[in-house]
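# Commentary on secondary and tertiary structure
Chain by chain, the residues run as shown.
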Amino acid sequence: MKVVAVPRAARTARLGATGVLLLVVLAGAVLASLAFGSNPIPFGEVVSALLGDVDSDNATVITTQRLPRTLLGLAVGLALGMAGALMQGHTRNPLADPGLFGVNAGAAFAVALLTYGAGVSSPAAMVAAALVGACAVTTVVALLGLRGTSRGALMTLAIAGTALSALLTALTSALVLLDRQTLDVMRFWQVGALADRDDTMAVLVTPLLAVGCALAVANAFALNALGLGEEVARSLGTRVRRSRLTGIAAITLLAGPATAVCGPIAFLGLVAPHAARVLAGHDQRWLVPFAGVIGATVLLLADTLGRVSARPGELQVGIVMAVIGAPVLLAVTRRRRLGAL
């Protein structure tokens with residue numbers, strides 16, 4: 001059978017149209033997040049509240065509660081989706097997500113250590129501790145695993161991240177068992193949620209997420225060359241070591257602050273890149289931003305589902321994502337060509 005190559009212009013136009021469609025779906029997810037909850041609000045009133053045309057109880061709920069929560073979901077979903085795409089691209093592992101670098105374990109251990117050692121449990125202190133813990137562990141894993149840039153070094157990176165994550169998880173469990181206050185703090189933080197988060201700290205980590213997004217988009221161009229093999233990438237002028245380090249910095253700046261503010265949200269960094277790969281193929285220049293948009297969309301829809309499925313209470317988004325992500329993980333592991341990245 002003769003294979004007909006798709007012209008580059010046609011492919012670019014198709015991917016551009018797909019990107020626009022994803023943004024439209026994201027806008028719908030944002031509107032749903034603002035409209036649905038324990039008290040449904042008509043879409044017209046939501047739009048009026050955003051434009052400042054009405055002054056009512058519903059408008060107050062939208063502007064003071066749902067809008068900050070939705071904006072946080074947008075930022076965190078975008079960050080975790082892009083971080084997952086970079087993880088899978090650099091490690092060539094279809095099961096990789098930000099947790100492979102020890103981000104979740106480092107953040108959890110830092111929060112538990114702060115609570116156990118200093119008795120501090122304020123939201124701002126917890127976010128700051130989680131951010132420091134996530135970034136510190138990611139840096140240690142990178143230093144251990146990327147002394148070289150070969151495929152063997154990348155395997156060491158995954159092993160170092162898994163081992164350190166297991167160690168920190170065990171230490172966190174020990175602290176939780178030794179102290180009741182630490183147990184009370186960790187059982188609420190570890191579930192992963194967008195509700196009742198510190199708005200001030202969310203604003204402070206936004207610049208870190210913005211820098212991480214910029215690095216991720218820039219690093220996506222190098223990932224295309226790295227996918228051909230490191231020798232080929234060097235022959236094309238790609239600086240392999242710098243590209244690897246840029247990817248690690250981007251993952252740290254994306255996953256660290258996101259986990260610090262919301263707690264660990266499982267599977268999002270796994271689900272979003274696989275969905276983006278269906279739409280963008282293996283072109284990382286499109287796959288990475290697509291994964292970010294899909295991550296934000298999925299997180300907002302999961303959060304909305306959690307609010308409407310357990311009225312008058314709610315299921316935290318970390319629980320909903322676990323229910324969504326577990327079947328995806330099983331489906332991915334059952335595929336025959338796991339190494340096709």
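Residues numbered from 1 in each chain as written. Predicted model: local features only at pLDDT ≥ 70, side-chain atom pairs only at ≥ 80, totals over all residues. Heavy atoms only, no water.

### A look at the nonpolar core
Within the largest apolar cluster, 82 residues are counted, with the highest numbers of intra-cluster contacts made by Val76, Phe101, Trp189, Ile265, Leu299 and Met321. With 11 residues, the top contributor of residues to this core is helix α12 (residues 284–308). Counting 7 residues, the second-largest nonpolar core is a separate cluster that includes Leu34, Ala35, Ala49 and Ile62. (Core = buried A, V, L, I, M, F, W, Y, C linked by side-chain atoms within 4.5 Å. Buried < 20%, exposed > 50% of the residue type's maximum accessible area, 1.4 Å probe, protein only. Helix = DSSP H or I, 4+ residues; strand = E, 2+ residues; numbered from the N terminus.)

### Notes on the state of the cysteines
Per the counting criterion, the structure on display carries 0 disulfides. In this model Cys135 remains outside any disulfide bridge; the closest cysteine sulfur is found in Cys213, 15 Å from its own. Given a relative accessible area of 22%, Cys135 falls into the partly exposed group. Looking at the unpaired Cys213, the closest cysteine sulfur is the one in Cys262, lying at 14 Å. Judged by its relative accessible area of 15%, Cys213 is buried. (Disulfide = S-S within 2.5 Å.)

### What about the packing of helix α8 (residues 199–226) against helix α10 (residues 240–262)?
At a minimum axis separation of 8 Å, α8 and α10 run at an interaxial angle of 150°. Here α8 and α10 pass one another in a crossing that is left-handed. Packed against α8, whose contacting residues are Ala202, Val205, Leu208, Leu209, Val211, Gly212, Cys213, Leu215, Ala216, Asn219, Ala222 and Leu226, the element α10 presents Val240, Ser243, Arg244, Thr246, Gly247, Ala249, Ala250, Leu253, Leu254, Pro257, Ala258 and Val261 at the interface. Of the residues contributing to the contact of α8 with α10, the split by class is 18 nonpolar, 5 polar and 1 charged. (Axes fitted to C-alpha atoms, helices over the stretch in contact; angles between N-to-C directions. Left-handed = near helix turned anticlockwise from the far one by under 90°. Contact = heavy atoms within 4.5 Å. Nonpolar A, V, L, I, M, F, W, Y, C, P; charged D, E, K, R; others polar.)

### What about the pattern of salt bridges?
Inspection of the entire model under this criterion finds 6 salt bridges. We note a salt bridge from Asp283 to Arg11, for which the minimum N-O separation is 3.3 Å. Here Asp283, found in the loop between α11 (268–280) and α12, pairs with Arg11, found in helix α1 (residues 8–35); they are 272 residues apart in sequence, far enough to count as distant. In this structure, Arg307 and Asp303 form a salt bridge, with 3.4 Å as the shortest nitrogen-oxygen distance. Placement of both Arg307 and Asp303 in helix α12 is noted, with a separation of 4 residues, approximately one turn of the helix. In this structure, Arg307 and Asp303 share a single accessibility class: buried. (Salt bridge = Lys/Arg side-chain N within 4 Å of Asp/Glu carboxyl O.)

### Describing α8
With 28 residues, α8 extends 39 Å between its outermost C-alpha atoms, agreeing within 8% with the 40 Å of an ideal straight helix rising 1.5 Å per residue. At Val205, α8 shows its strongest bend, of approximately 30°, with the proline Pro207 following within four residues. (Expected span 1.5 Å × (residues − 1). Bend = angle between axes of the 7 residues up to and from the residue.)

### What about a nonpolar patch on the surface?
Taken together, the side chains of Val20, Leu21, Val24 and Val25 make up a nonpolar region of the molecular surface, amounting to roughly 360 Å² of accessible area. One can find Val25 in helix α1. (Patch = residues over 30% accessible without salt bridge, like charges linked within 9 Å, V, L, I, M, F, W, Y side chains within 5 Å. Areas by Shrake-Rupley, 256 points an atom, 1.4 Å probe, with all protein chains shown as cover.)

### Focus: unusual backbone geometry
Most peptide bonds are trans, and most residues other than glycine sit at a negative phi. At Phe267, a residue that is not glycine, the phi angle is positive and equals roughly 75°. Inspection of the secondary structure puts Phe267 in the loop between α10 and α11.

### Remarks on the packing of α11 against α12
Running from amino to carboxyl end, α11 crosses α12 at an angle of 125°, the nearest separation of the two axes being 8 Å. With respect to α12, the element α11 is oriented oblique. Crossing hand, α11 versus α12: right-handed. Residues Leu268, Ala272, Pro273, Ala275, Ala276, Arg277, Leu279 and Ala280 of α11 form the contact with α12, whose participating residues are Trp286, Leu287, Phe290, Ala291, Ile294, Gly295, Val298 and Leu299. Counted by class, the contact of α11 with α12 contains 14 nonpolar, 1 polar and 1 charged residues. (Parallel < 35°, antiparallel > 145°, perpendicular 65-115°, else oblique.)

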